[in-house]
Structures are given as structure tokens and as C-alpha cells.
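# Structural overview
Letter by letter, the chains look like this.
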Amino acid sequence: MSATDFSYKISGADKFQLLLDRHIRLRGYIGNVISLGIEVKGRINADELRKVVNENTFLTQINSLKIEEGFLRIPRWKAQANQKPVKIIEHPSEQDAVDIKPDIKVNSGNLLHLDLLQNKSNSTLIISAHHVLADNMGIQAIAKIIAGNIQPAFTPFTKEENEAVSIVRQLVYTLKATRLVFNKTPKKLAKLLLGETETGSHIIRFTQEETKQIEQNAVKNGARISKSAFYLAATSMALQQTVFAKTSDSFFIPVPQNQRLRGNEQTVLGNHLSFLFYTIPFNKLTNLTEATEFINEQMMQQVRDKSPKSYSYLLKTFRFLPLSVYDFFFKLPTKGAVCSFLFSDVGETLSGMKTFMGKEITEVLNYPPNPCPPHITFVVMKHTGALKIITAYNPGVISSYEITRFEEKITELLLP
Amino acid sequence: MENTKENISQTLTGFVKTTILAQGVVFESSSNLAKTGVDSYSVIEIILFVERQFGVTIPDTHLIAENLNSVDAIASCVYTLLNTK
């Protein structure tokens, strides 16, 4: 494929990310950016990094993509004749990686951004991308491409995106998902839209040994197949007892579901996501085992009902609607916050990758995208068997004191 | 087709290859599921396929790592359950 004949429809999930980007920008926040941090022992040579990245035509090509409207006004990625090099900013002084928050505009022609933090004896590379360009697996693929571990592949869509189905069938799936998503009255943080546009971040780190104990605890509490149910139960309980302590209702939580065919590590472009949706009444949050089993049951039922597939069709239908249609939704009293909080279990990140550009990897972190709305987002991840919980929050709505109390509570629940 | 351990394993391998894994991923019934990239969500899909295909529900007590490591392990578990019905 040449550099300029590249043109793909964006997926329904990409359109959703585009919508989020538009609305968080309207509120004065930076855009919808996803980041992955890789810390290594020893210093990465910035010039060598620039050479590796910008001599890779795939990376410069996706960096320069722009969205154009095609047939039926469906947005498409379109390659640009003049490809821009990826911006790589070297930060020579000691700086905390969580303070790096690049703003990436969707049609700027720079969809990727790299920050290299140089400390005395180590470097941290933060790879950021506009969320329309890549999801969590996509940004991991970019890291692997830079490391020379994989070759990129152009397989842009989920099965649902490619599958030809009748309009009636698509409508049935869409209605089913619409009912699932919008027939809820979630408890949200009350103080919406205070004009605070900063993002706070906290990280809880567990050792490999602690992680083993947590996983054993997950099984004891009923998370026999998926530990996610246990992590979500603990997160919900800890939140209900701290940040949401003054309210009593239920949580409604969408949890992203990777829709890639497994074993495919090479696909960068696009969001290959659907969602599972959990409703958790507060009266189910008094006991960790009960909460875990309650979530487990919902998970099994939704997989049985093919709910993620239905939601993929809803998103696919969204692709045909102009962004302005969504403005109505965001002018509702809920301000578009249809969920209580965001939660994502991304599992083992950069699995099996021990070195990066010849240096030993000492830490890997997924940084959640902008948490507005609903003002608080959690990412649960592992690297080399060590669990981390990363929280991004809006400090104008949630105080760092509340977050500290939440962290104490969830640690107590996971590791009693 | 008789539900022998080998036949169950073959059916499950076909399901995993066509529904869960990307083309070109090397996969055999003895392959470790996690190492092949089959995550817990996909394991749920396999368990639900077992329910539909063989009419057997894997009880919670059998949902342990050693029964879910590979297609062969799941097939062995399903075979035992079918023969103790």
C-alpha cells in the first residue's frame, strides 16, 4: 500500500471516541488522548528514538491521517501526501510522568505524540495517541512496532463492522443495545461541570507476590473465570464507601470489551471495542463475595445474550449520524454522563516484553483518557504479573483526600 | 457423532479457531489458552458454547485453572460431566 492511497471508514467505536473528544473539548478540557508509559533502566537515546520512529513509514503515515467525510457523510481516515514526523519531546529534567498530558487534535496531522522523560539513571517514554486513532491494544501495538517486535497490519474492523446483515437485524441489535444503555438512571457525582479542567492521577502498585494473593482472593470470592468481576466489585464497594458515601442508589458502569480476534497483536488503527454494562444496586455492595457473584452473573448473562455484539451494532449505526445530533444528548441535565464511573481491566500490558530499545523495562503504565464525564476513571492492568490500579479524576469534583480514602479502602478489600 | 473426549476436543478446537482467534495463529487442542491470547472473556464464550453444543453446564466447582488451561482440559472436563449425568 502506498502512503497516499490509504482510506478507511472509521468504526462505530471510533465515532464514539470522536464524539467524546468533541464534548470534552467544548468544556475546555484537552482532548480524548490515550497514553502508555514505559520506564526503562538506563537512558533511551532521543536521536535514536527519533530515527526509529520517523523512519517507520507506517508510524508517520498513521500520525498524519486526517478524517474526511465520505459517502453518506460517513467519516473516513484519509492518508495525507505530506506526512509529518511524529513529535518527540525530550524532557531533560526530573518530571513526574503523570504530569505529561499532551493535547492531540484529531485533524492536526499529528495523531501521535511521544514524550521522553530523561532522569539520571532511567528514561520513561510516554506514547500518546488520539483515542480515535487507537485503543489500548492499538497503543500497545505502536510500542511493539517501535521496539521492533512486530510488523503492523491493516485489519481495521471488528467482525461486527465487516459483517453484512440485514437492516432489520441491525435495527433489532441496535434497539436491544439502546434499551440496555439508556434505560438506566445511574447515580453520578452530583457536582457536574464546575469548570475544573485539570486531571488528577493516582496509581496503586502491588508487587507480584501481592498480586498472587489478590488473585487467590478473587477466586475465593467467586471470580473463577474472570478476575475483572472481583476488581469491579472491590472498586464499586470502595467507591460507595468513600467518594459516593453520601448517596444511596445504584451504579451503572460500562466496561470496555476487546473485540479483536485474539492472538492479533499487530492491528493499530481504530477502536475494536464493545461494552458490557453492569448495574449494581448499593445494597449489593455490603459483601465482596456477593458483589463479585452479582457482577459475574450479569457478565455471563450478557455474553449469553450477545450484548457486546448488540452494542457494536448500536455504535455502527451511530457512524451514520452527524456529530451535531449528539449535542442534544449532551444538553440534557445529565450532561452526557450516562454512567457512574468508567472502569477498564486491560489485563497484562505489553505481555512478555522485557526490554525496550535494548533497555530493561522497569515499569509499564496505561494512562486513562480524560475522565470527563463522569469525572472518575479506573484502569486495572498488570505488567510482568504485578497489578496496578490507575485512577484519573477531576479534582474539581473529587478531592485528593477522597481518592486517598478510596485507595486505602480498595487495598483493604483486595488484600485483606 | 459420539461425544468422545477426542471429538469434544476437536469441536472445541474448531470453535476457538473460527470464532475467537485471528487467522494464522498457531493453535492446537493442547495449546495453553492464556499464552495463545485467549482471555477470560473468551473462556466464557467457550463455556457458553459447551452449554449450547453439548447441553452440559460446567458447575462452579469445576471452573478451576487446571480445567480451563487448554481445549484438551476443557474437553476432558466436559467428557467427565457428560458421563456422570
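Everything quoted here is computed from the prediction, not taken from an experiment.

### Describing the interface of chain B and chain A
With 21 residues of chain B at the contact, the number on the chain A side is 16 residues. Carbon and sulfur atoms make up 63% of the surface buried where chain B meets chain A, a total of about 1600 Å² over both sides. Looking at the side of chain B facing chain A, the largest losses of area belong to Tyr41(B), Ile44(B) and Leu48(B), adding up to 37% of the total buried there. For the pair chain B and chain A, the interface holds three salt bridges.

### A word on the domain arrangement of chain A
All names here are of chain A. Partitioning chain A into domains gives domain 1 (7-147) and domain 2 (159-414). With both chains or domains summed, domain 1 and domain 2 bury close to 5200 Å², and 63% of this area falls on carbon and sulfur atoms. Counting the contacts that link domain 1 with domain 2 gives three salt bridges. Asp135 is the partner of Arg260 in a salt bridge, and the nearest nitrogen-oxygen pair spans 2.8 Å. Between domain 1 and domain 2 we count 14 residue pairs in polar contact (both at pLDDT 80 or more) in total. Contributing elements (two or more residues each) for the side of domain 1 that touches domain 2: β1 (7-9), α1 (12-26), β2 (33-41), α2 (46-54), α3 (57-63), β4 (75-78), β7 (122-130) and α4 (136-147).

### Things to note about the sheet that holds strand β11 (residues 342-348) of chain A
Residue and element names in this part refer to chain A. Taken together, the four strands give an open sheet; going across it, the order is β8-β15-β14-β11, and neighbouring strands pair in mixed fashion. What marks the edges here is a single partner per strand, and that holds for β8 (200-205) and β11. The mean angle between the axes of side-by-side strands here comes to 15 degrees, regardless of whether they run parallel or antiparallel. Both strand β14 (residues 376-383) and strand β15 (residues 386-393) contribute to a ladder of eight bridges, which runs antiparallel. The partner of Lys382 across the bridge, within β15, is Leu387. In this fold helix α7 (residues 208-220) packs onto β8, β14 and β15, with an angle of close to 85 degrees to the strand it touches most, β15.

### A word on the sheet that holds β4(A)
Residue and element names in this part refer to chain A. Ordered by their spatial adjacency, three strands build an open sheet running β1-β4-β3, and the pairing between neighbours is antiparallel. If you trace the sheet from one side to the other, it starts and ends with β1 and β3 (66-69), each paired once. Pairwise comparison of adjacent strand axes, ignoring direction, gives a mean angle of 35 degrees for this sheet. Judged from the three bridges that link them, β1 and β4 form a sheet pairing that is antiparallel. Directly across from Tyr8, in β4, lies its bridge partner Trp77.

### Describing the packing of helix α8 (residues 228-241) of chain A against helix α9 (residues 288-304) of chain A
Residue and element names in this part refer to chain A. Close contact between α8 and α9 brings their axes to 8 Å; oriented N to C, the two are set at 125 degrees. It follows from the interaxial angle that α8 and α9 lie oblique. Where α8 crosses over α9, the handedness of that crossing is right-handed. Counted together, Ala229, Phe230, Leu232, Ala233, Ala234 and Met237 of α8 and Leu288, Ala291, Thr292, Ile295, Asn296 and Met299 of α9 form the full contact between these two elements.

### Details of the side chain of Ser11(A)
Summarising the element assignment, Ser11(A) is placed in the loop between β1 and α1. One polar contact links the side chain of Ser11(A) to the main-chain carbonyl oxygen of Asn271(A), over a distance of 3.4 Å.

Calculation rules
Residues numbered from 1 in each chain as written. Chains lettered and ligands numbered in written order. Predicted model: local features only at pLDDT ≥ 70, side-chain atom pairs only at ≥ 80, totals over all residues. Heavy atoms only, no water. Contact = heavy atoms within 4.5 Å. Buried area = accessible area lost by both parts, 1.4 Å probe. Salt bridge = Lys/Arg side-chain N within 4 Å of Asp/Glu carboxyl O. Domains from an automatic or database assignment. Polar contact = N/O pair within 3.5 Å; in protein donor to acceptor, adjacent residues only side chain to side chain. Helix = DSSP H or I, 4+ residues; strand = E, 2+ residues; numbered from the N terminus. Pairing = 2+ DSSP bridges. Axes fitted to C-alpha atoms, helices over the stretch in contact; angles between N-to-C directions. Parallel < 35°, antiparallel > 145°, perpendicular 65-115°, else oblique. Left-handed = near helix turned anticlockwise from the far one by under 90°.

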